[in-house]
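The chain contents come next:
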Amino acid sequence: CLCKQCENFKGFQTVLHSLPKLFDPLLDPPSADDDDAPDGDDDGESEVDGWAGKAALLNLLSFCKLPSKSDMVKRSLCAGAFDGPGKEACINGTCSRCGFKTLWSASLRKHVVDKDGNVLASAPKEFQSEVKWIRIRSSKSTSPGEAKQPTYESKTGTLVQFLDDFERDVMRKFPHHRFTVARQKAMAAEFNRNRGPGWIQSDVDFAMDGTIPPPRGRSIQSDHWSPMSYTLFIQVISWLESAAWKSRNSELDLNCAVTIEPADASEPDSIIPAKGSCYAEVMAVPSAAERAATDPEQLRYGVRRHGASDDDPLEYVERRYLRHRKLHTKAFVHVSNDKTHDSYAAQTFINKTIDYLEEQYVRPGTETFFAWHMHSDNAPSHFKSSKTMNYVTKLPARLKGWAMGVSGADGKPLTFRVYWEFGAPGHGKGVWDGIGAWIKRTVRQDIVDHRPEMKTVLTADEQILSPEQVAEHVKARFNTDEFVQSHLKKTINEVVVSYTPTAEIIRPVGQDFESMPGMKKTFLFMPVREGVTLQRPFACWCDACMQASAPGEGTMDSNYRCHGCSSPGLRWRETSVARSDAAGVASSKARTRQLSRSLRDQLKAHFAKSTNAVWVAVQNRGEDDPDQYWIGRAVALRPPFQTGGSVAGTGGRVRYDPGDMEIEVEWFDRDVSGGDERRIFKAWRPGADTTPAAAAAVGRGGSGGGGRGRGGGRRGGRGAAEAGAAAGGAA
């Protein structure tokens with residue numbers, strides 16, 4: 001790997017690997033029998049045998065002898081810190097029991113230097129040895145939007161200074177980075193093993209801009225200073241073909257991937273893996289004689305389950321219980337003359353890919369999709385930002401029709417789900433990068449090689465002088481039936497090319513979005529509704545997590561806990577990525593007010609013909625309370641206000657408009673006896689809630705029909721002025 005963090009570590013690692021050799025003569029002096037032993041030396045006696053820091057020194061040197069970066073990091077942390085979802089305190093450097101400090105500043109260093117930093121006379125002189133190392137740092141950007149540039153510093157100092165630098169500048173953050181690399185790599189493999197048909201995998205990235213050389217490659221002087229260029233956005237889309245998955249009698253090749261389903265749970269036409277399924281590879285196929293004499297569904301294939309040893313005997317399973325995991329992969333090459341690699345450009349390109357899949361696969365019924373898994377690097381300018389995540393929160397509603405008619409393992413309809421997972425920083429290279437390089441090299445070479453007698457440029461006028469002609473040429477070169485037929489068993493089965501001019505990329509002015517705390521150390525996002533997303537520190541793609549369709553669906557409960565998850569310590573947390581600019585807030589309030597009044601009208605229609613109470617749910621907004629919704633029973637409506645004004649509420653005066661009305665609500669508290677989700681409720685009584693805000697509640701609802709009775713808040717909170725915008729729905 002060539003990421004900054006790992007390369008910086010390697011610069012220090014070279015010096016660390018040299019330390020055992022430096023201290024060997026001290027710890028293992030030559031005996032009197034050795035020819036090179038100085039006269040008068042005691043036979044094999046070490047100068048540090050009586051030194052109080054010897055044990056700590058040996059401990060440090062054992063660390064220095066470890067061969068790899070990961071081994072060194074694991075050695076410095078608590079046992080099991082890298083297991084599963086990891087031990088957060090250990091990998092973030094806040095654990096008091098581990099870290100490089102336990103090898104140096106909190107142990108050995110105390111025996112080497114005094115409080116002023118001077119080497120003690122009792123300490124071995126090797127600690128005053130001069131060493132050289134290189135440190136890589138990122139320089140601060142000089143202007144907004146400018147990328148940080150790495151700086152290489154050549155350092156010279158004593159061994160003490162080197163170890164201080166290593167602890168302070170490297171080991172403070174490197175364990176988290178190294179764990180992220182290991183975790184994301186493991187989760188990528190787990191995702192590929194556990195996903196079934198219906199899951200779209202989408203890897204996206206901007207390639208470095210391609211250049212358009214002049215015809216035949218003959219450049220004038222000014223071409224070297226301002227060459228013509230074009231933008232490339234690469235999106236690699238893959239899914240498991242449902243037809244191959246459903247087939248129970250097609251032949252399977254050696255080494256092909258399959259999913260073994262339990263015989264008593266396998267459903268022939270289902271695209272949802274049966275409970276208890278397992279990823280495997282075909283290691284032995286039936287003979288020709290067996291194929292001729294046996295029903296294809298009952299042919300037995302030798303398979304090796306994931307995790308089985310190569311020495312274990314093969315397991316023979318009938319073909320009808322083996323789901324063929326045939327991967328179909330398309331590379332979408334988006335060419336543009338737009339040079340701004342920002343979130344809006346990425347959104348435009350992704351939208352074009354979505355439109356293509358809908359037209360070519362969803363509408364004709366060729367494939368059924370119910371989940372979209374996006375993967376990218378951590379670039380904040382176009383991917384990892386609140387702006388992009390706000391866009392992603394709109395996708396489930398846009399794509400919900402794709403999952404129409406699909407039921408989960410529990411037989412209930414599936415909600416279309418979207419995920420965006422980010423790779424480890426600096427480790428985001430993949431086939432998409434290779435495709436970008438391949439396209440740019442091909443375009444350049446075809447321009448240079450073009451001759452009347454050897455036509456390598458495939459545009460209508462046999463020239464490539466603009467980004468649009470680049471797209472035309474690449475499409476003629478790769479987006480062909482011949483290419484598809486020759487790549488049926490290749491990594492990329494088809495190349496789809498499109499051109500997007502700058503005019504098609506809409507960049508709204510003045511839009512701001514709420515910031516996301518902890519975004520840099522969050523690597524998985526799952527939108528739940530527009531403007532709101534769940535975030536998880538790291539991904540988990542165990543069987544249980546693959547079935548977590550949405551809050552309250554599949555294995556995910558209403559508190560965002562995934563039951564049966566192999567990494568229960570990885571909790572989902574709700575975060576707002578809504579627009580925060582004035583226009584966005586006003587638009588959101590207007591939509592919510594409209595919904596609120598619609599709910600009010602439903603209650604008016606109900607109470608006009610009945611006196612029965614109506615169960616209502618009110619969304620918890622802004623209070624430090626884990627419950628997403630509070631419930632109560634609307635028991636009566638007050639006459640609507642004829643004029644605007646205000647009434648007393650818990651948090652102060654509450655404004656109301658003409659037509660608004662107060663709703664009398666009987667509130668209910670969750671009871672701890674209701675299990676993990678606390679689904680047992682008891683009627684709340686004044687004085688039962690011990691919070692000061694609740695004790696001061698006076699029993700008024702908010703405006704617009706969506707009020708949180710009891711003075712604008714079930715537990716007080718932000719006040720009834722916002723109660724109308726808090727309506728969550730009525731049951």
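Everything that follows concerns the structure shown earlier in this document.
Rules behind the numbers
- Residues numbered from 1 in each chain as written.
- Predicted model: local features only at pLDDT ≥ 70, side-chain atom pairs only at ≥ 80, totals over all residues.
- Heavy atoms only, no water.
- Helix = DSSP H or I, 4+ residues; strand = E, 2+ residues; numbered from the N terminus.
- Buried < 20%, exposed > 50% of the residue type's maximum accessible area, 1.4 Å probe, protein only.
- Contact = heavy atoms within 4.5 Å.
- Areas by Shrake-Rupley, 256 points an atom, 1.4 Å probe, with all protein chains shown as cover.
- Core = buried A, V, L, I, M, F, W, Y, C linked by side-chain atoms within 4.5 Å.
- Phe/Tyr/Trp six-rings, centres within 6.5 Å; stacked < 30°, edge-to-face > 60°.
- Lys NZ or Arg CZ within 6 Å of the ring centre and 35° of its normal.
- 1 Å grid on protein atoms, 1.4 Å probe; cavity = no way out; pocket = protein on both sides within 12 Å on 5 of 7 lines; lining within 4 Å.
- Points joined across faces, edges and corners; volume = space filled by probe spheres on them.
- Polar contact = N/O pair within 3.5 Å; in protein donor to acceptor, adjacent residues only side chain to side chain.
- Pairing = 2+ DSSP bridges.
- Salt bridge = Lys/Arg side-chain N within 4 Å of Asp/Glu carboxyl O.
- Patch = residues over 30% accessible without salt bridge, like charges linked within 9 Å, V, L, I, M, F, W, Y side chains within 5 Å.
- Lys, Arg positive; Asp, Glu negative; His and termini not counted.
- Charge placed at Lys NZ, Arg CZ, Asp CG, Glu CD.
- Axes fitted to C-alpha atoms, helices over the stretch in contact; angles between N-to-C directions.
- Parallel < 35°, antiparallel > 145°, perpendicular 65-115°, else oblique.
- Left-handed = near helix turned anticlockwise from the far one by under 90°.
- Nonpolar A, V, L, I, M, F, W, Y, C, P; charged D, E, K, R; others polar.
- Disulfide = S-S within 2.5 Å.

A closer look at the overall build of the chain
- Along the chain, the regular secondary structure elements total 18 helices and 24 strands.
- Within the chain, buried positions represent 46% of all 731 residues.
- For the chain, long-range pairs separated by at least 24 residues make up 68% of all intrachain contacts whose partners lie at least 6 apart in sequence.
- For the chain, the exposed surface amounts to about 36,100 Å²; the carbon and sulfur share of it is 50%.

Concerning the nonpolar core
- Of all hydrophobic cores here, the largest spans 115 residues; its most connected members are F127, W372 and W402.
- The contacts of F127, once residues within four sequence positions are left out, are F23, W51, L57, W104, L108, V112, T158, L159 and V160.
- Of all hydrophobic cores here, the second largest spans 24 residues; its members include I212, V335, I447 and V474.

Things to note about unusual backbone geometry
- Despite not being glycine, E462 has its phi angle at roughly 60°, a positive value.
- Mapped onto the secondary structure, E462 falls in the loop between α13 (431–449) and α14 (467–478).
- Of note, the phi angle at Y560 is positive, near 70°, even though the residue is not glycine.
- Examined against the element boundaries, Y560 turns out to sit in the loop between α16 (543–546) and β17 (573–576).

Quick word on the packing of aromatic side chains
- Here the structure, examined in full by the defined rule, presents 41 aromatic pairs.
- Ring pairs connect the aromatic residues F9, F12, F63, F100, W133, F162, F166 and F174, which therefore count as one cluster.
- Geometry around F422 places K384 over its ring, the cationic atom sitting 5.1 Å from the centre.
- When the ring centre of W615 is taken as origin, the NZ or CZ atom of R633, which lies over that ring, is 5.4 Å away.

Thoughts on empty space enclosed by the protein
- Counted under the stated rule, the structure contains 4 cavities of 30 Å³ or more.
- Size it by volume and the second largest cavity reaches roughly 50 Å³.
- Lining the second largest cavity are Y419, L524, M526, R536, C540, W541, C545, A548, M556, C562 and W572.

With respect to the side chain of S376
- In this structure, S376 sits in strand β12 (residues 371–376).
- In this structure the side chain of S376 is engaged in a polar contact, spanning 2.9 Å, whose partner is the side chain of W420.
- If near-sequence neighbours (up to four positions away) are discounted, S376 is found in contact with V204, F383, W420, E421, F422 and G423.

Some words on the pairing of strand β16 (residues 532–536)
- Across the 5 residues that make up β16, a large majority, 5, are buried.
- With burial as the criterion, each face of β16 is covered, one bearing V532, L534 and R536 and the other bearing T533 and Q535.
- Where strand β15 (residues 524–529) and β16 come together, 5 bridges link them in antiparallel fashion. Across the sheet, M526 pairs through a bridge with L534, a residue of β16.
- Between the end of β15 and the start of β16, which pair antiparallel, lie 2 residues, with G531 showing a positive phi angle near 85°.
- The pairing of β16 with β17 spans 4 bridges and is classified as antiparallel.

Comments concerning the pattern of salt bridges
- Inspection of the entire model under this criterion finds 32 salt bridges.
- Of the charged contacts, one joins K330 and E494 as a salt bridge, the two residues approaching to 2.2 Å between their closest N and O atoms. On the criterion of sequence distance, the pair formed by K330 in strand β11 (residues 327–336) and E494 in strand β14 (residues 494–500) is long-range, its members being 164 residues apart. As far as the burial class goes, K330 and E494 line up, both buried.
- R529 is the partner of E574 in a salt bridge, and the nearest nitrogen-oxygen pair spans 3.6 Å. Note that E574 is positioned in strand β17 and R529 in strand β15, a separation of 45 residues in sequence.
- For E574, a relative accessible area of 27% gives the class partly exposed.
- Shared partners join several salt bridges into a network, and the residues in it are R135, R137, E153, K155, D165, R168 and D169.

Quick look at a positive patch on the surface
- A cluster of basic side chains, namely K4, R172, K173, K520 and K521, defines a positive patch on the protein surface.
- Tracing the chain through its elements places K520 in the loop between β14 and β15.

Some points on the sheet that holds strand β6 (residues 257–260)
- The strand order β9-β8-β7-β6-β10 describes an open sheet built from 5 strands, whose pairing is antiparallel. Taken across any chain shown, the strands that pair with only one partner, and hence form the sheet edges, are β9 (315–318) and β10 (322–324). Adjacent strand axes in the sheet meet at a mean angle of 50°, parallel and antiparallel pairs treated alike.
- Bridge count between β6 and strand β7 (residues 278–284): 4 bridges; the pairing is antiparallel. Residue pairing across strands places T259 opposite Y279, the latter belonging to β7.

Concerning the packing of helix α1 (residues 4–27) against helix α2 (residues 54–64)
- Interhelical geometry of α1 versus α2 gives an angle of 140° and a closest axis separation of 8 Å. Considering their axes alone, α1 and α2 lie oblique with respect to each other. Once α1 is placed against α2, the crossing between them reads as left-handed. Each of L16, H17, L19, P20, F23 and L27 in α1 lies in contact with α2, whose residues at this interface are L57, L58, L61, F63 and C64.
- Its residues assigned to classes, the contact of α1 with α2 shows 10 nonpolar, 1 polar and no charged.

As for the environment of V160
- On the secondary structure map, V160 appears in helix α5 (residues 159–170).
- Residues V160 and N118, spaced 42 residues apart in sequence, show a C-alpha to C-alpha distance of 9.6 Å.
- Setting aside chain neighbours within four positions, we find V160 in contact with W104, R109, V112, V113, V119 and F127.

Details of the side chain of S277
- For S277, the location among the structural elements is in the loop between β6 and β7.
- By relative accessible area, S277 is classed as buried at 15%.
- Engagement of the side chain of S277 in a polar contact is seen with the backbone oxygen of A274, the distance being 2.5 Å.
- Excluding residues within four positions of it along the chain, S277 makes contact with T259, I260, E261, P262 and D543.

Concerning the state of the cysteines
- Per the stated rule, a full pass over the model turns up 0 disulfides.
- Here C90 is not disulfide-linked; the sulfur of C98 is the nearest cysteine sulfur, at 3.7 Å.
- C90 gets classed as buried once you look at its relative accessible area, which sits at 6%.

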